[in-house]
Amino acid sequence: MSNAFEQLSVGQIINGTPFHPTRETIREFCEASLDFNPLHLDDDYMKGSFGKTQFGGIIMHGMNNFGVITRMLTDWLYPHGGIHRRLETRWKSPVKPGDTITPSATITSLKTTQKGQWACLNVIVNNQKGEVVAAGEALVEFPIQIK
């Protein structure tokens, strides 16, 4: 296997697969996560005010952003022997049924240690309007192959 790490460069962009949340996928995530918060299920509940925030309808679980980011990282890393080590994100805006969200990442630094080769990435998830709905940082490793 060629060393995929050597092909990386700071500023390189990784693009993920768009995701189209629907009422059904939101419900499925409720069932899979056992999180039945009315934020994700009850339009009438969501007509209320949450402090200064007015959602106007159900919203997708924020952890779904983790899922689309993780899929992007895994799809990119796995074929090259890389490992997803850390992911930290902040939710910026709600995602609603009918939106399209797309993750991407930019390599911000590269480092080689005795045990591994590491890349740090800024990650974002944008909606169809180009608005950032989640942002954060990921750390990935390309283990050094000992011969």
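The rules behind the values
- Residues numbered from 1 in each chain as written.
- Predicted model: local features only at pLDDT ≥ 70, side-chain atom pairs only at ≥ 80, totals over all residues.
- Heavy atoms only, no water.
- Core = buried A, V, L, I, M, F, W, Y, C linked by side-chain atoms within 4.5 Å.
- Buried < 20%, exposed > 50% of the residue type's maximum accessible area, 1.4 Å probe, protein only.
- Helix = DSSP H or I, 4+ residues; strand = E, 2+ residues; numbered from the N terminus.
- Salt bridge = Lys/Arg side-chain N within 4 Å of Asp/Glu carboxyl O.
- Pairing = 2+ DSSP bridges.
- Axes fitted to C-alpha atoms, helices over the stretch in contact; angles between N-to-C directions.
- Contact = heavy atoms within 4.5 Å.
- Polar contact = N/O pair within 3.5 Å; in protein donor to acceptor, adjacent residues only side chain to side chain.
- Expected span 1.5 Å × (residues − 1).

## Let's talk about the nonpolar core
If you look at soluble globular proteins, the nonpolar side chains tend to sit buried side by side.
Consideration 1: Among the nonpolar cores identified, the biggest contains 31 residues, and Leu-73, Trp-76, Leu-121, Val-140 and Phe-142 are the most heavily contacted of them.
Consideration 2: Listed by contribution, the elements that provide at least two residues to this core are α2 (63-77), β3 (102-112), β4 (116-126) and β5 (132-143).
Consideration 3: Examining the composition of this core, we find that 6 residues originate from one element, α2, more than from any other.

## Some words on the pattern of salt bridges
Consideration 1: Following the criterion strictly, the structure yields 7 salt bridges and no others.
Consideration 2: Here Arg-71 and Asp-75 are joined by a salt bridge, their closest N and O atoms 3.5 Å apart. With Arg-71 and Asp-75 both in helix α2 and 4 residues apart, the pair spans about one turn of that helix.
Consideration 3: In this structure, the salt-bridge partner of Arg-86 is Glu-88, at a minimum N-O distance of 2.8 Å.
Consideration 4: Judged by relative accessible area, which is 29%, Arg-86 ranks as partly exposed.
Consideration 5: Among the residues examined, Glu-88 registers a relative accessible area of 46% and is labelled partly exposed.
Consideration 6: One network of salt bridges, with partners in common, ties together Arg-86, Glu-88 and Glu-137.

## Some remarks on the sheet that holds β4
Consideration 1: Reading across the sheet, the 5 strands line up as β1-β3-β4-β5-β2 and stay open at both edges, with antiparallel pairing between neighbours. The sheet is open, and its two edges are formed by β1 (13-15) and β2 (83-91), each paired on a single side. In this sheet, neighbouring strand axes are inclined to one another by 25° on average, regardless of whether the strands run parallel or antiparallel.
Consideration 2: Here β2 pairs with β5 via 8 bridges, running antiparallel. Note that in β5 the partner of Arg-86 across the bridge is Leu-139.
Consideration 3: Across the sheet, α2 touches β1, β2, β3, β4 and β5, and the angle it forms with β2 is around 150°.

## Observations regarding the pairing of β5
Consideration 1: Here β4 runs beside β5; their pairing, made up of 11 bridges, is antiparallel. Residue Gly-116 lies in a different strand from β5, and its bridge partner there is Pro-143.
Consideration 2: Linking β4 to β5, which pair antiparallel, is a turn of 5 residues; within it Gly-130 sits at a positive phi near 85°.

## Side note on the side chain of Glu-141
Consideration 1: Tracing the chain through its elements places Glu-141 in strand β5.
Consideration 2: Glu-141 sits in the buried class, given a relative accessible area of 7%.
Consideration 3: Side-chain polar atoms of Glu-141 contact the side chain of Arg-85, separated by 2.8 Å.
Consideration 4: Apart from the residues lying within four places of it in its own chain, the contact partners of Glu-141 are Gly-81, Gly-82, Ile-83, Arg-85, Lys-115, Gly-116, Gln-117 and Trp-118.

## Some details on α2
Consideration 1: Here α2 is 15 residues long and its end C-alpha atoms lie 21 Å apart, about the 21 Å a rise of 1.5 Å per residue gives.
Consideration 2: Along α2, the positions that sit buried rather than exposed are Asn-64, Asn-65, Val-68, Ile-69, Met-72, Leu-73, Trp-76 and Leu-77.
Consideration 3: In this fold, the buried residues of α2 make contact with β1, α1 (23-33), β2, β3, β4 and β5.

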